[in-house]
Amino acid sequence: MQFIPDLQIGWLNGWILLAFFYVLFGLFLLSCPKSIVKKLYSVKGWSKRERILSVIGKPFSLVCLALIIMSPLKIGSVIFGVGLVLYVIGFIIMFIALFEYRATPVDQPVRTGIYQYSRNPQWAGLVMLLFGVAIACGNGLAVLLLIGGIGLYHFRILGEEKACLAAYGQPYQDYLNTVHRYF
């Protein structure tokens, strides 16, 4: 693992794993009713602080993605294998969570399936997926930026949970009391 690996344009860079994920994610969103997509991206009920911190986290993610796109995969190395395993696990968690989310009526909180174990399995899966790609590329700076972005995105999750509590009331509070935020 290098802190700043040699960045280059190439066919076997981290972009290929990101592209696979984002193409499938885009197809998933296209298959969803508009009400589900709207709920997925809603910022209703967030405080100004949560919105600002969420916006501040975006550059961390964008720079991390740019570094991954320009970093060659370390195919044949141990870190590639470790990164690929994390990527696949994160990918699976993310899509299981998305399908549960889509299957739940818009006027109800998602509390079944993988959501019985984590209140935010989409975020947990996405983070694991991105860590996996950064590790598979051996890009230490991308890993560091991802950690910074996660810290700031945590406030986005707090905003989402506050909005869900306002929307769903006591049943959601019971859910908050029984299921861990991440794992």
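Residues numbered from 1 in each chain as written. Predicted model: local features only at pLDDT ≥ 70, side-chain atom pairs only at ≥ 80, totals over all residues. Heavy atoms only, no water.

**Q** I would appreciate a short explanation of the overall build of the protein in the present structure.
**A** Secondary structure assignment for the protein yields 7 helices and 0 strands. The secondary structure elements of the protein, listed N-terminal to C-terminal, are α-α-α-α-α-α-α. What you see for the protein is a C-alpha radius of gyration of 17 Å, in line with the 16 Å of a compact globule of 183 residues. When its C-alpha atoms are laid out on the principal axes, the protein stretches across 50 × 30 × 30 Å. Here the protein, with 183 residues, has 45% of them falling under the buried criterion. (Helix = DSSP H or I, 4+ residues; strand = E, 2+ residues; numbered from the N terminus. Rg over C-alpha atoms; globule rule 2.2 N^0.38 Å. Buried < 20%, exposed > 50% of the residue type's maximum accessible area, 1.4 Å probe, protein only.)

**Q** Quick question: what am I supposed to make of helix α4 (residues 78-103) here?
**A** Every α-helix carries 3.6 residues per turn, so stepping three or four residues along brings you back to the same face. The first and last C-alpha atoms of α4 sit 38 Å apart over 26 residues, in line with the 38 Å expected at 1.5 Å per residue. All of the buried residues in α4 are Phe-80, Gly-83, Tyr-87, Gly-90, Phe-91, Ile-93, Met-94, Phe-95, Ala-97, Leu-98 and Tyr-101. (Expected span 1.5 Å × (residues − 1).)

**Q** Just to check I follow, could you spell out the nonpolar core for this structure?
**A** Nonpolar side chains tend to gather and get buried jointly when the protein is soluble and globular. Phe-21 and Ile-68 are the most contacted members of the largest nonpolar core, which has 45 residues in total. If you list the elements that add at least two residues to this core, you get α1 (15-31), α3 (48-69), α4, α5 (121-136), α6 (140-168) and α7 (170-178). With residues up to four places along the chain from it excluded, the contact list for Phe-21 reads Tyr-87, Phe-91, Met-94, Phe-95, Leu-126 and Leu-129. (Core = buried A, V, L, I, M, F, W, Y, C linked by side-chain atoms within 4.5 Å. Contact = heavy atoms within 4.5 Å.)

**Q** So what exactly am I meant to see when it comes to the packing of aromatic side chains here?
**A** The geometry of an aromatic ring pair comes down to the distance between the two centres and the angle between the two planes. Counted by the stated rule, this structure contains 12 aromatic pairs. Ring geometry for Phe-21 against Phe-25: centres 5.7 Å apart, planes inclined by 15 degrees, an arrangement best described as stacked. Taken as a pair, Phe-21 and Phe-25 lie in helix α1 at a separation of 4 residues, close to a single helical turn. Here Phe-21 and Phe-25 have matching classes, each one buried. An angle of 55 degrees between the planes, with centres 5.6 Å apart, marks the rings of Tyr-172 and Tyr-175 as tilted. Residue Tyr-172 and its partner Tyr-175 are located together in helix α7, separated by 3 residues, close to a single helical turn. Here the two residues Tyr-172 and Tyr-175 agree in accessibility, since each one is buried. Through pairs of rings, three or more aromatic residues link up here, namely Phe-20, Phe-21, Tyr-22, Phe-25, Phe-28, Tyr-87, Phe-91, Phe-95 and Phe-99. (Phe/Tyr/Trp six-rings, centres within 6.5 Å; stacked < 30°, edge-to-face > 60°.)

Everything listed is a geometric property; what it means functionally is a separate question.
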